[in-house]
Amino acid sequence: MVSPEFLEQHKLELPIWTPYGGETRGAHARKVDRAIRAGLSMRPYSATIKDTLAWHKSQGPDGRVRLAGPAPEQETAMLAKWRAAKA
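The paragraphs below set out a description of the structure included in this document. Computed from a predicted model, the values in this text were never measured in an experiment. (Residues numbered from 1 in each chain as written. Predicted model: local features only at pLDDT ≥ 70, side-chain atom pairs only at ≥ 80, totals over all residues. Heavy atoms only, no water.)

## Things to note about the environment of H28
Part 1 of the argument: Structurally, H28 can be placed in the loop between α1 (4-10) and α2 (33-37).
Part 2 of the argument: Judged by relative accessible area, which is 63%, H28 ranks as exposed.
Part 3 of the argument: When the C-alpha positions of H28 and I16 are compared, they lie 9.8 Å apart, and in sequence the two are 12 residues distant.
Part 4 of the argument: Setting aside its immediate chain neighbours within four residues, H28 contacts I16 and T18. (Helix = DSSP H or I, 4+ residues; strand = E, 2+ residues; numbered from the N terminus. Buried < 20%, exposed > 50% of the residue type's maximum accessible area, 1.4 Å probe, protein only. Contact = heavy atoms within 4.5 Å.)

Shown next, in the form of structure tokens:
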């Protein structure tokens, strides 16, 4: 696994990523008990996956529109740097 320190050092574009430490620890972990008591209901994972895939495929002729994150060649280059640093 690529470390948060490595990602921060190399400034890879990961728009929704936050490290699990420091001031962002727990940023994606929220209790929803009150919302559930107020009537929040959850969709089955399978419905979310099915609908997300259908939406994604509608975004372009091959369903491969880059919406966020690094371009494939940037990700490949960053992983090569990470592997070299580990060696």
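Now that the structure is up, let's keep going.
## As for the environment of R43
Part 1 of the argument: If you trace the backbone, R43 turns up in the loop between α2 and α3 (45-57).
Part 2 of the argument: On the basis of relative accessible area, R43 is assigned to the partly exposed category, the value being 48%.
Part 3 of the argument: Setting aside its immediate chain neighbours within four residues, R43 contacts T48 and D51.
Part 4 of the argument: A polar side-chain atom of R43 sits 3.3 Å from a polar atom in the side chain of T48. (Polar contact = N/O pair within 3.5 Å; in protein donor to acceptor, adjacent residues only side chain to side chain.)

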